Amino acid sequence: MTPSVLPLGDPAPADGILPAQAAVGAASRKFSLYAHIPFCAVRCGYCDFNTYTATELGGGASQDAYASTAVREVEFAARAMTASGLPQRKLSTVFFGGGTPTLLPAGDLTRILGAAVEQWGIEEGAEVTTEANPDSVTLESLQELHDGGFTRVSFGMQSAVSHVLKVLDRTHKPERVPQAVAWAREVGLNVSVDLIYGTPGESLADWETSVRTALSYEPDHISAYSLIVEEGTKLAAQIRRGQVPNIDDDDHAVKYELADALFQAGGLSWYEVSNWSRTPADACQHNLAYWHGDDWWGIGPGAHSHMGGVRWWNVKHPTAYANRLDKGESPAAGRETLDADTRELERIMLVSRLSEGLSIDTLGPAGRHAVAGLIAEGLIEPLKAFAGTLVLTLKGRLLGDAVTRALLP
Amino acid sequence: MSPMARTAPVPAATDPAIIRNFCIIAHIDHGKSTLADRMLQLTGVVQQRDMKAQYLDRMDIERERGITIKSQAVRIPWEVDGTAYCLNMIDTPGHVDFTYEVSRSLAACEGAILLVDAAQGIEAQTLANLYLAMENNLTIIPVLNKIDLPSAQPEKYAAELANLIGGKPEDVLMVSGKTGVGVEALLDQIVRELPPPVGDPNAPARAMIFDSVYDTYRGVVTYVRVIDGSLSPREKIQMMSTRATHELLEIGVSSPEPTPSKGLGVGEVGYLITGVKDVRQSKVGDTVTTFHKPATESLGGYQDAKPMVFSGLYPLDGADYPVLRDALEKLMLNDAALVYEPESSAALGFGFRVGFLGLLHLEITRERLEREHNLDLISTAPNVEYEVTLEDKKIIHVTNPSEYPSGKIAEVREPMVSATILAPSEFVGAIMELCQSRRGILGGMDYLSEDRVEIRYRLPLAEIVFDFFDILKSKTRGYGSLDWKADGDQVADLVKVDILLQGEQVDAFSAITHRDKAYAYGVMMTGKLRNLIPRQQFEVPIQAAIGARIIARESIRAIRKDVLAKCYGGDISRKRKLLEKQKEGKKRMKMVGRVEVPQEAFIAALTTDESSKDKSKK
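Quantities reported herein were computed from a predicted structural model and do not represent experimental measurements.

Rules and cut-offs
- Residues numbered from 1 in each chain as written.
- Chains lettered and ligands numbered in written order.
- Predicted model: local features only at pLDDT ≥ 70, side-chain atom pairs only at ≥ 80, totals over all residues.
- Heavy atoms only, no water.
- Helix = DSSP H or I, 4+ residues; strand = E, 2+ residues; numbered from the N terminus.
- Buried < 20%, exposed > 50% of the residue type's maximum accessible area, 1.4 Å probe, protein only.
- Contact = heavy atoms within 4.5 Å.
- Areas by Shrake-Rupley, 256 points an atom, 1.4 Å probe, with all protein chains shown as cover.
- Core = buried A, V, L, I, M, F, W, Y, C linked by side-chain atoms within 4.5 Å.
- Phe/Tyr/Trp six-rings, centres within 6.5 Å; stacked < 30°, edge-to-face > 60°.
- Lys NZ or Arg CZ within 6 Å of the ring centre and 35° of its normal.
- Polar contact = N/O pair within 3.5 Å; in protein donor to acceptor, adjacent residues only side chain to side chain.
- Salt bridge = Lys/Arg side-chain N within 4 Å of Asp/Glu carboxyl O.
- Expected span 1.5 Å × (residues − 1).
- Buried area = accessible area lost by both parts, 1.4 Å probe.
- Nonpolar A, V, L, I, M, F, W, Y, C, P; charged D, E, K, R; others polar.
- Pairing = 2+ DSSP bridges.
- Axes fitted to C-alpha atoms, helices over the stretch in contact; angles between N-to-C directions.
- Parallel < 35°, antiparallel > 145°, perpendicular 65-115°, else oblique.
- Left-handed = near helix turned anticlockwise from the far one by under 90°.

**Here's the deal with the overall build of chain B**
A tally of regular secondary structure across chain B gives 15 helices and 31 strands. Looking at the 618 residues of chain B, the share that counts as buried comes to 58%. Looking at chain B alone, contacts between residues at least 24 apart form 70% of all its contacts between residues at least 6 apart. When the accessible area of chain B is evaluated, it comes to approximately 25400 Å², of which 50% is carbon and sulfur surface.

Structure, rendered in structure tokens:
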């Protein structure tokens, strides 16, 4: 997943050499890999990710050639990291996102993964996930992914209700999902399903159906995201023209509360604002790496990377991306080097979303001063706060950004 | 046609018989400044290469709005039948807010050019100034301008002017300031028709101040018209209202750049520089005499400027308070009509209550403060001064609703105005409806021509200070014009309406209204605020109240969700920037109790829809 709009930042050098800050303390940080697969069978109406349908691209950026291009960035990344003074670290987690990674033959995905493992090695029992569309997998392709090193699959289920899927432009048949989940289990993959709530036209009953249906598949993990209408998407245009009703934050809040209650009853606990897992070990480790501010290299067009407070992002278009790598140049479009204050702001913003919580001792005076008020407003757990950790309540999770703002100086 | 004068008469040695002092009475946009420009060019006082549009309007705001706020006086040579004459053109402000300044400018002249747009006809304010000119016994030269416009209707409006001043339509001059057509004939006409000034050259000096301008480099520049006697350099002068004396550092005439002279004699117009730094020490309307041979009687007509409209001015950023204070101090040097005192508002912080002559004065002052001093300001809804008599007979003057006493009021008096509205007759119904809804009493109605009517109303000033003019304009499709002057006061059934956010009174939104209108104000303001204030983490009731009685109520539901669901593929930068933006926004919030109110909500709530739509009105 990469968004369509890239941030503004500093220019990034063609040789990919990182500012010195990236290497400071790197040996004690985990290192992950994200691989963006920018292809979809059709573009969903709500999606503003950097993704293309098969007919939109050709040449070096085509689906057929993509794995080779991605492998080239893996090799580039390894060289650039070494040249930047970063220590050799094994991969802690790997995540293939899109687009629809499973639109590529399983062999392409395992080839990219293999190239990364060859460069860096991988930790014992490391989590290796791919996102998948329920109708772009078969028992055989899942088996091949598993045999090639994947440990986990995250299905884009979104909803169990046809009319909701239709608004989202999702092409899969709802009944396809249990089949895909069963196959994934059969080959030994850990399974997550993604849900979207608050789609225009989705009733509370529709959402309850989706949540109950997802739970009935007994996944190890569920992500539930509220629909965000992004500028420039087909859905945004439809709402503007009044063809579909606008989304409503109050509706989102009600649905979040319902989902959280049902997930809990179904044996899943929240570990991040939008993520629930059956056991702590089932929490998506790659996802946690983002919230913890670990290092990761994102390969693929539009992919984001982070190393020790240096963030950068690749050019968006697959053709431009492929051309850069063909010339042996960094595909980065821009980057930013965060100062200490900004890194601290990010830390508060990211860690406060987790159930493990934010240590109150690590906060500055302004943050510590805000704690009592947050308890009074019912936004954080009082007992946890007394014990020195700031953990969001259910109300606090829904008002997470307000909590973060309150904690900032 | 006369050429420009070959030899210009010399100041201090000019025979009054060859002096002609005149001003131009015109409505905004009727082309006064363009005509003045053309005169300066034709008479050769401004070279072609130095010419810029609206030469005499020195302030940026004057040029941009096409209006004259401060008047100027220019000495122009012009030859008729072989005699070189000296014409003094005294530029006058054209707006109703500055009636007093206009009356002083008129008093400095023997004649006035009544300049009217040949496509639009006369407007109410011009009519008001024309009355003032006639009261001062000025000789009027009627002129239709912009005759080059395709939409000009010279015959129709010539008849209208002739009807007004009692002459023949054929006597109305036709000019185009733009092309210059008719301007030479107009200059000739000024020489022929206007009487020369009359005064006693041997009497003690008496000169009337018709303008006083602060100049950063020269201090206060005082513009005077000498009535009797003469003034000469390095003489000690005396202000007759205060008896204050000043050394005369420089005396001269504007032609149009300041040119020092050997003095000013009877009938002459020029400037004085004394080193004074504040226009209050050199007030418009005052009489200047000499210290060694003082006059015993002043020229009369002097009045202190009286503010009519009051508004709180607050810096958007509280840290700018000292900047605002310094800026007001500076502005005051150049604006004798401006009065202010510090005040504080629970909602808006520290600011000033400022008194103005009228709404335009308010707008211009605010605009100058913002532009010349780089300030962002909130101005509270303008209000008038009320005289409140308490039950114990104590009288207090209220210029700020938050000072309105609660209970124990015996009587409240509010200032009244007599208003004159000119408009095409088809709008009479709409205008009467508007004035009636503003508690107006019809005073009379006259037809100026077949299809143009003058309607007179007596209205509470408070009813016209907020949005009256905007509504008048929209109800008359832009054709209606308004003039008003103070007309005593009246007892009124007034109440103070408070606005409460979560039970907390927001002083900036309090208003004094007629009892019959309190409910409408309450409903309007609570409704407006409901849409302007973002949802908080708790429900926020918004109430309008008279004393303890709630008259209107709205409520803002608590926000339930304020969290971004996900970070797309690790695009943390995007999420962080969003958060930083929100954080920045929070800094611009004012806290009312626990409620965060954005500055924009204050501004929007205090602005009328019409005035925010069209900032360049009037």
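**Some details on the overall build of chain A**
Per the secondary structure count, chain A includes 15 helices and 16 strands. Nonlocal contacts in chain A, meaning residues at least 24 apart in sequence, comprise 73% of its contacts between residues at least 6 apart. Here chain A has roughly 15200 Å² of accessible surface; of this, 53% comes from carbon and sulfur atoms.

**A short note on the nonpolar core**
All names here are of chain A. Among the nonpolar cores identified, the biggest contains 115 residues, and Trp-120, Phe-155, Phe-263 and Trp-297 are the most heavily contacted of them. Ranked by the residues each element gives to this core, the list is headed by helix 1 (residues 63-83), at ten residues. Sequence-distant contacts of Trp-297, defined by excluding residues within four places in its chain, comprise Phe-31, Ser-32, Leu-33, Tyr-34, Glu-73, Phe-76, Ala-77, Ala-80, Met-81, Ser-305, Met-307 and Trp-312.

**Remarks on the packing of aromatic side chains**
Here the structure, examined in full by the defined rule, presents 16 aromatic pairs over all chains. Ring geometry for Tyr-197 of chain A versus Tyr-256 of chain A: centroids 6.5 Å apart, planes at 55°, classification tilted. You can see Tyr-197 of chain A sitting in strand 7 (residues 190-197) and its partner Tyr-256 of chain A sitting in helix 8 (residues 249-265), a full 59 residues away along the chain. For the residue pair Tyr-197 of chain A and Tyr-256 of chain A, the accessibility class agrees, reading buried in each case. Counting every residue linked through ring pairs, the aromatic cluster contains Tyr-197, Trp-207, Tyr-256, Phe-263 and Trp-276 of chain A. Positioned above the aromatic ring of Phe-291 of chain B is the side chain of Lys-236 of chain B, whose terminal nitrogen or guanidinium carbon lies 5.3 Å from the ring centre.

**Examining the side chain of Glu-414 of chain B**
All names here are of chain B. By secondary structure assignment, the location of Glu-414 is in strand 21 (residues 409-424). Here Glu-414 falls in the buried class, since its relative accessible area comes to 0%. In this structure the side chain of Glu-414 is engaged in a polar contact, spanning 2.6 Å, whose partner is the side chain of Arg-439. Once you skip the residues sitting within four places of it in the chain, Glu-414 turns out to touch Tyr-386, Arg-439, Pro-460, Ala-462, Gly-488, Asp-489, Gln-490, Ala-492 and Leu-494.

**Some words on the pattern of salt bridges**
Overall, the coordinates contain 48 salt bridges over all chains when judged by the stated rule. Between Glu-268 of chain B and Arg-75 of chain B there is a salt bridge; the shortest N-O distance is 2.6 Å. One end of the pair, Glu-268 of chain B, is in the loop between strand 12 (258-260) and strand 13 (269-273); the other, Arg-75 of chain B, is in strand 2 (residues 73-80), and 193 residues separate them in sequence. The same class applies to Glu-268 of chain B and to Arg-75 of chain B, which are both buried. Ionic pairing is found between Arg-477 of chain B and Glu-426 of chain B, a salt bridge with its closest N-O pair at 3.8 Å. One end of the pair, Arg-477 of chain B, is in the loop between helix 11 (468-475) and strand 24 (481-491); the other, Glu-426 of chain B, is in the loop between strand 21 and helix 9 (428-437), and 51 residues separate them in sequence. The two residues Arg-477 of chain B and Glu-426 of chain B agree in class, both being exposed. Counted as one network, the salt bridges with shared partners bring together Arg-311, Glu-336 and Glu-346 of chain A together with Arg-576, Lys-577 and Glu-580 of chain B.

**Some words on helix 8 of chain A**
Residues and elements named next belong to chain A. Helix length check: helix 8, at 17 residues, gives a terminal C-alpha distance of 24 Å against a target of 24 Å (1.5 Å per residue), a fit within 8%. Within the span of helix 8, buried status applies to Asp-250, His-252, Ala-253, Lys-255, Tyr-256, Ala-259, Asp-260, Leu-262 and Phe-263. Two to three positions downstream of the cap, the backbone nitrogen of Asp-250 sits 3.1 Å from a side-chain oxygen, assigning the N-cap of helix 8 to Asp-248. Residue Gly-267 follows helix 8 closely and has a positive phi angle near 90°.

**Some details on the interface of chain A and chain B**
Counting from both sides, the interface comprises 47 residues of chain A and, opposite them, 28 residues of chain B. When chain A packs against chain B, the two sides together hide about 3600 Å² of surface, and 54% of this comes from carbon and sulfur. Linking chain A with chain B are ten salt bridges. The partner of Arg-576 of chain B in a salt bridge is Glu-346 of chain A, and the shortest N-O contact between them spans 2.5 Å. Our count for the contact surface shared by chain A and chain B stands at 15 residue pairs in polar contact (both at pLDDT 80 or more). Taken together, the elements giving at least two residues each to the side of chain A that touches chain B come down to strand 8 (221-226), helix 8, helix 9 (285-292), strand 13 (310-314), helix 11 (340-351), helix 14 (394-398) and helix 15 (400-407) of chain A. Within the side of chain A that touches chain B, the residues separate by chemical class into 26 nonpolar, seven polar and 14 charged.

**Section: the sheet that holds strand 11 (residues 250-254) of chain B**
Residue and element names in this part refer to chain B. One open sheet holds the eight strands; their spatial order is 10-9-14-7-8-13-11-12, and the pairing between them is antiparallel. Looking at which strands have only one partner, the edges of the open sheet turn out to be strand 10 (245-247) and strand 12. Going from strand to strand, the sheet's axes swing by 40° on average, the running direction of each strand aside. Relative to strand 14 (residues 287-290), strand 7 (residues 206-215) runs antiparallel, the two being bridged by two bridges. Considered in strand 14, the bridge of Met-208 is made with Thr-287.

**Some thoughts on the side chain of Asp-260 of chain A**
Tracing the backbone shows Asp-260 of chain A in helix 8. Residues contacting Asp-260 of chain A, with those up to four places away along its chain left out, are Trp-270, Trp-276, Leu-394 and Arg-397 of chain A.

**Things to note about the packing of helix 3 (residues 139-147) of chain A against helix 5 (residues 176-187) of chain A**
Residue and element names in this part refer to chain A. Between helix 3 and helix 5, whose axes approach to 9 Å, the crossing angle comes to 40°. Classified by the angle between their axes, helix 3 and helix 5 sit oblique to one another. For the element pair helix 3 and helix 5, the recorded crossing hand is right-handed. Between helix 3, through Leu-139, Leu-142, Gln-143 and His-146, and helix 5, the contact on the second element is made entirely by Ala-180, Trp-183, Ala-184, Glu-186 and Val-187. Class assignment of the residues belonging to the contact of helix 3 with helix 5 gives a composition of six nonpolar, two polar and one charged.

Remember, this is a structural readout, not a statement about activity or role.
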